Structure formats: C-alpha cells, structure tokens
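One-letter residues, chain by chain:
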Amino acid sequence: MPLLIDSHCHLHLPPYREDRDAVLDRMRRDDVWAVTVGTSVRLSEEAVAFADKTEGVWATVAYHPEHLTSSYHDEDEGEAGEYSIDEIARVARSSGKIVAIGETGLDFFRFDEGLDPDVAKDRQIHAFRDHISLARELDLPLVIHCRDAMTEVIDILREESKMGGVRGVMHFFTGTWDEAQALLDLGFHLGFTGAITFPIKKTQDSATHIHRVVERMPLDRLLIETDAPWLAPQAHRGDRNEPTYVRFVAEKVAELRGMAFDEVARQTTDNAIRLFGLTT
Ligand SMILES: [Zn+2]
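Below or above, wherever it landed, is the structure these notes cover. All of these numbers come straight from a predicted model, not from anything done at the bench.

### Some points on the overall build of the protein chain
Alright, step 1. When you go through the protein chain residue by residue, the secondary structure sums to ten helices and eight strands.
Alright, step 2. For 280 residues, the compact-globule estimate of 2.2 N^0.38 gives 19 Å, and the C-alpha radius of gyration of the protein chain, at 18 Å, lies within 12% of that figure.
Alright, step 3. The C-alpha extent of the protein chain, read off along each of the three principal axes, is 45 × 45 × 35 Å.
Alright, step 4. Looking at the protein chain as a whole, 55% of its 280 residues are labelled buried.
Alright, step 5. When the accessible surface of the protein chain is summed, it comes to about 12200 Å², and 47% of that surface belongs to carbon and sulfur atoms.
Alright, step 6. Both charge centroids of the protein chain, one from 31 positive and one from 50 negative side chains, sit 4 Å from each other.

Put into structure tokens, the structure is as follows:
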C-alpha cells in the first residue's frame with residue numbers, strides 16, 4: 001500500500017511528454033500512486049496504454065461532457081474527436097488496469113454559440129446515462145465531473161441508483177454541505193483538489209466554504225486528488241501540477257480536521273484502494 005494515492009490526474013497528457021520519467025521517479029520516491037483519467041476515446045486509449053506499462057498507475061475511460069457541447073479545447077488535451085459510447089465501451093474492456101468509468105457527468109458552464117442550451121443539456125444527459133449503464137455493466141465505479149449542474153447530476157444519480165450498481169466519486173467537489181450530504185447518502189465519495197489549499201477570498205463566506213465540508217464529512221469517503229497537470233496547490237500555484245503534490249491536499253485535510261497527516265494518508269489511500277479495487 002503506498003503512502004498516498006492521487007485519485008484523479010491526467011498523467012498521459014502532452015505536458016509530461018518531455019519528463020514523464022522524472023515525474024514517475026518522484027512518485028516512486030514519495031511512494032505515490034495515481035489514477036490517470038481519460039476524457040475522449042483517443043485520450044482514454046492513451047491513458048490505458050500508459051497505465052498498462054507503468055507500475056502504480058491505473059486508468060479510467062470516458063468521454064468528457066464538456067467535449068460534447070463545446071468546441072473549446074484545452075491545448076494540453078488537443079481535439080476530442082467524435083463521441084461514441086461503443087468506442088468508449090471497447091476501450092473500457094481493453095485492460096485490467098481500468099478501474100473506473102470517467103470522467104463523465106454534466107458541464108453546463110458554456111455551450112457552443114448557436115447551440116440551443118436545451119439540446120446541449122439533453123446531449124450531455126444522454127451521454128452521462130450511457131456512461132452510467134456502462135459502469136453498471138462492467139461493475140466499475142464512476143468518476144464524475146460536474147460544473148454548474150449539481151442538481152441535475154444528483155437527480156440522475158438518484159434515479160439510476162434505484163437500478164443498483166451505481167457508485168463512485170464526485171471529483172473536484174466544490175458544492176454545498178447539502179449537496180455533499182445528498183451524494184454521501186447515495187454512497188458516493190467526494191474528491192478534493194489543491195483548490196482547498198488556496199487562501200479563502202474576502203468575497204467568500206467562511207461559514208459555507210468548502211473547508212466546512214472537508215472538516216465535517218466522514219473521512220472514509222474522502223479522496224484526495226491533484227487534477228494534474230492543472231490546478232497546482234498553493235505551494236506551487238501557477239506551475240504544472242503533478243501527482244506528488246497530492247501531499248499538499250492531504251496536509252490541508254489533516255490541518256482542517258485537526259488530525260495527524262499519517263492518519264489522513266492511511267485512510268484516503270485505503271479509500272481509493274477500496275473504491276477502485278486497486279491491487280498491491
Ligand atoms: Zn480531470
């Protein structure tokens with residue numbers, strides 16, 4: 001069992017092309033494992049190929065909701081290509097290192113100009129349900145991405161849960177205590193990124209800040225993640241992120257909960273191993 005597990009990163013992406021071995025060396029040095037998350041058919045294939053040849057790295061497979069309705073793409077990711085649940089299903093069956101279906105979910109933040117928002121939402125909801133069915137069929141957990149659509153995501157998960165076989169993690173959780181509660185009631189885990197290490201802004205209400213969820217939620221449902229290469233923690237803000245920086249997230253969780261770092265490390269590692277069925 002490693003010291004820490006970065007439960008959500010994108011280590012197969014081009015920002016690591018030049019020095020991926022050095023990043024992996026630092027992971028070995030710090031005793032960190034990682035789950036590298038697919039976001040399109042091509043990138044899921046790349047995530048799986050990378051996990052297949054790398055000890056301590058696992059992969060997930062999905063088509064990211066944002067790519068369904070927005071031609072905007074991060075230059076680190078490149079073109080998403082066509083969506084096909086059959087292609088996602090094919091990749092999802094291609095390796096024993098695949099530990100989840102994700103990231104899938106809903107992203108209502110922005111749609112392409114000229115795209116009817118109702119049509120856009122329907123398209124994403126349809127694909128989300130496709131991914132949930134696939135996860136159920138393969139008995140895998142879900143890695144869920146949600147932006148500006150928490151009510152809709154929770155409603156869909158509630159409905160789909162009635163059929164059973166729905167479990168997973170809400171990645172990069174930034175919701176309210178009530179939303180956290182609803183997801184925990186559904187058996188879901190909540191993932192926290194380096195964003196919890198950022199100083200609280202003057203405009204933010206401390207009483208409803210995400211830190212309150214980190215403090216109060218059951219520790220056995222809490223996952224830590226980096227979402228690397230994006231979102232480096234405060235200590236490295238603005239730099240390229242990497243899995244070893246997940247320790248800053250664990251340190252912040254320990255500080256907020258008044259616990260020892262080792263205890264947070266042990267429990268969150270245990271949570272990730274259990275949810276994703278990682279084998280040591
Ligand atoms: Zn991500």
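Next, the rest of the story.
### Side note on the coordination of the zinc ion
Alright, step 1. Bound to the zinc ion are the protein donor atoms H8 (NE2), H10 (NE2), E103 (OE) and D227 (OD), situated 2.1 to 2.3 Å from the metal.
Alright, step 2. Each of the four donor atoms bound to the zinc ion contributes to angles spanning 87 to 176°, and the resulting shape is irregular.
Alright, step 3. Positions of the donor residues of the zinc ion along the chain correspond to the pattern H-x1-H-x92-E-x123-D.
Alright, step 4. Given a relative accessible area of 1%, H8 falls into the buried group.

### Some remarks on the pattern of salt bridges
Alright, step 1. In the structure shown here, the tally under the stated rule is 19 salt bridges.
Alright, step 2. Residue E45 is joined to R90 by a salt bridge in which the shortest nitrogen-to-oxygen separation is 3.0 Å. Placement of E45 in helix α2 (residues 41-52) and of R90 in helix α4 (residues 85-92) is noted, with a sequence separation of 45 residues between them.
Alright, step 3. Looking at E45, the relative accessible area reads 34%, which means it is partly exposed.
Alright, step 4. The exposure class assigned to R90 is partly exposed, which follows from its relative accessible area of 40%.
Alright, step 5. A salt bridge links E66 to R110; the nearest nitrogen and oxygen atoms lie 3.2 Å apart.

### What about the nonpolar core?
Alright, step 1. L11, L157, F173, L190 and F192 are the most contacted members of the largest nonpolar core, which has 72 residues in total.
Alright, step 2. The element contributing the most residues to this core is helix α9 (residues 246-257), with six residues.
Alright, step 3. Beyond its immediate stretch of four places on either side in the chain, L190 contacts V169, M170, F173, A180, L183, L184, V213, M217, R221, L222 and L223.
Alright, step 4. Counting residues in each nonpolar core, the second largest holds 14 residues, with I5, V143, L223 and A272 among its members.

### With respect to the packing of aromatic side chains
Alright, step 1. All chains considered together, the criterion is met by five aromatic pairs.
Alright, step 2. Note that R20 overlies the ring of F50, its terminal NZ or CZ placed 5.4 Å from the centroid.
Alright, step 3. Geometry around W177 places R216 over its ring, the cationic atom sitting 3.9 Å from the centre.

### Notes on the environment of H64
Alright, step 1. Tracing the chain through its elements places H64 in the loop between β3 (57-61) and α3 (65-69).
Alright, step 2. Each C-alpha atom, one on H64 and one on F128, is 9.1 Å from the other, the two residues being 64 residues apart in sequence.
Alright, step 3. The residues contacting H64, other than those within four sequence positions of it, are T39, E103, D107 and H145.

### Regarding α4
Alright, step 1. Of all the residues in α4, the buried ones are I88, A89, V91 and A92. Angular distribution of buried residues about the axis of α4 spans 165°; they occupy a single face of the element.
Alright, step 2. The inward-facing, buried residues of α4 abut α2, β3, β4 (98-107) and α5 (117-138).

### Observations regarding helix α7 (residues 177-185)
Alright, step 1. Among the residues making up α7, those that are buried are A180, A182, L183 and L184.
Alright, step 2. Looking at the buried side of α7, the elements it contacts are α6 (150-161), β6 (168-170), β7 (189-192) and α8 (210-216).
Alright, step 3. A positive backbone phi angle near 90° is found at G187, which sits one or two residues after α7.

Criteria and cut-off values
- Residues numbered from 1 in each chain as written.
- Predicted model: local features only at pLDDT ≥ 70, side-chain atom pairs only at ≥ 80, totals over all residues.
- Heavy atoms only, no water.
- Helix = DSSP H or I, 4+ residues; strand = E, 2+ residues; numbered from the N terminus.
- Rg over C-alpha atoms; globule rule 2.2 N^0.38 Å.
- Buried < 20%, exposed > 50% of the residue type's maximum accessible area, 1.4 Å probe, protein only.
- Areas by Shrake-Rupley, 256 points an atom, 1.4 Å probe, with all protein chains shown as cover.
- Lys, Arg positive; Asp, Glu negative; His and termini not counted.
- Charge placed at Lys NZ, Arg CZ, Asp CG, Glu CD.
- Donors = N, O, S within 2.8 Å, 3.2 Å for Na, K, Ca; no water.
- Tetrahedral: all angles 85-135°; square planar, octahedral: opposite > 155°, others 65-115°.
- Salt bridge = Lys/Arg side-chain N within 4 Å of Asp/Glu carboxyl O.
- Core = buried A, V, L, I, M, F, W, Y, C linked by side-chain atoms within 4.5 Å.
- Contact = heavy atoms within 4.5 Å.
- Phe/Tyr/Trp six-rings, centres within 6.5 Å; stacked < 30°, edge-to-face > 60°.
- Lys NZ or Arg CZ within 6 Å of the ring centre and 35° of its normal.
- Arc of directions from axis to C-beta.

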